[in-house]
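# Structural features, examined
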Amino acid sequence: MDTELSDIKGHVVVVMAPMGSGKGTIIANTLKNHPDVYQTVSCTSRAMRPGEIDGHQYHFVTKEEFDHKISTGDFLEWAEFAGNKYGTLKSEILPKLAEGKLVLVEIELQGVEQLLKLLPRDHMTITYIEAGGWEVLRARAEARAPISEEELSARHTRFLIEQSSKPMADVIIDNSAGMETSFKQFDHVIEEAYKKCN
Ligand code: 5GP
């Protein structure tokens, strides 16, 4: 194991969820209740979406910058997803884990598979947010804004990939049961994870 990973005292809570699941709202609620949880800011080569701010949702970098960071070993994990690269910088996560912090990471399946090889299993809780089936997510996307058949088909493919990560989860939060229930369930995940920090 990497020497940098040998003295981990903290705990990683991974959140995986399909797009449109309400993941952002659930995480925001928990961060409000638990301000000492550290949410990592990943790097991505994807374009910024309207409303996003560099350094908040992501560190937005060019494809070349991302590849350079790969070559210099800056990432603890990284993956290509839907044509873009995403990665967690070692500098974002390792110092926090060494301090004994609870760290929250929002990553996709390939990243989780890498973390499972790097981190002791008892230092990681994998959460999946269930948002109902494709029909529910499709109806939600269509209600939000006009959406082309092509975009819907791309979203469906993405949903199938995202949903395939569900069997890896230690905890499944059913967000079709209502936000308040999800808030409580995710708060409980965080409280249990605190007990595992030392
Ligand atoms: P989006 O483009 O919608 O923000 O994110 C696409 C996917 O990339 C989501 O499933 C998100 O969780 C994942 N993702 C975001 N940051 C990272 C990261 O640092 N590493 C990995 N492996 N996946 C990430």
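Before reading on, note that the structure itself is shown above.
Computed from a predicted model, the values in this text were never measured in an experiment. (Residues numbered from 1 in each chain as written. Predicted model: local features only at pLDDT ≥ 70, side-chain atom pairs only at ≥ 80, totals over all residues. Heavy atoms only, no water.)

This part covers the sheet that holds strand S8 (residues 124-130). Strand order across the open sheet formed by 5 strands is S2-S7-S1-S8-S9, with parallel pairing between neighbours. Edge positions in the sheet fall to strand S2 (38-39) and strand S9 (171-174), since each has one partner strand and no second. Where strand S1 (residues 11-16) lies against S8, 5 bridges are found, and the strand directions are parallel. Bridged to valine 14 within S8 is isoleucine 126. Against the sheet, helix H1 (residues 23-33) touches S1, S2, strand S7 (102-106) and S8, its axis set at about 165 degrees to S7. (Pairing = 2+ DSSP bridges. Helix = DSSP H or I, 4+ residues; strand = E, 2+ residues; numbered from the N terminus. Contact = heavy atoms within 4.5 Å. Axes fitted to C-alpha atoms, helices over the stretch in contact; angles between N-to-C directions.)

Turning our attention to the layout of surface pockets. Its volume calculated, the largest pocket comes out at about 1,300 Å³. Of all elements in the fold, only H1, strand S5 (75-81), strand S6 (84-89), helix H4 (109-118), helix H5 (134-144) and helix H6 (149-163) reach the threshold of two or more residues within the lining of the largest pocket. For the lining of the largest pocket, the class distribution of residues is 20 nonpolar, 12 polar and 12 charged. The wall of the second largest pocket is formed by Met19, Arg46, Ala47, Arg49, Ala82, Asn84, Tyr86, Glu151, Ala154, Arg155 and Arg158. Taken together, the elements giving at least two residues each to the lining of the second largest pocket come down to S6 and H6. With 4 residues, the single largest contributor to the lining of the second largest pocket is H6. Considering only residue class, the lining of the second largest pocket consists of 5 nonpolar, 1 polar and 5 charged. (1 Å grid on protein atoms, 1.4 Å probe; cavity = no way out; pocket = protein on both sides within 12 Å on 5 of 7 lines; lining within 4 Å. Points joined across faces, edges and corners; volume = space filled by probe spheres on them. Nonpolar A, V, L, I, M, F, W, Y, C, P; charged D, E, K, R; others polar.)

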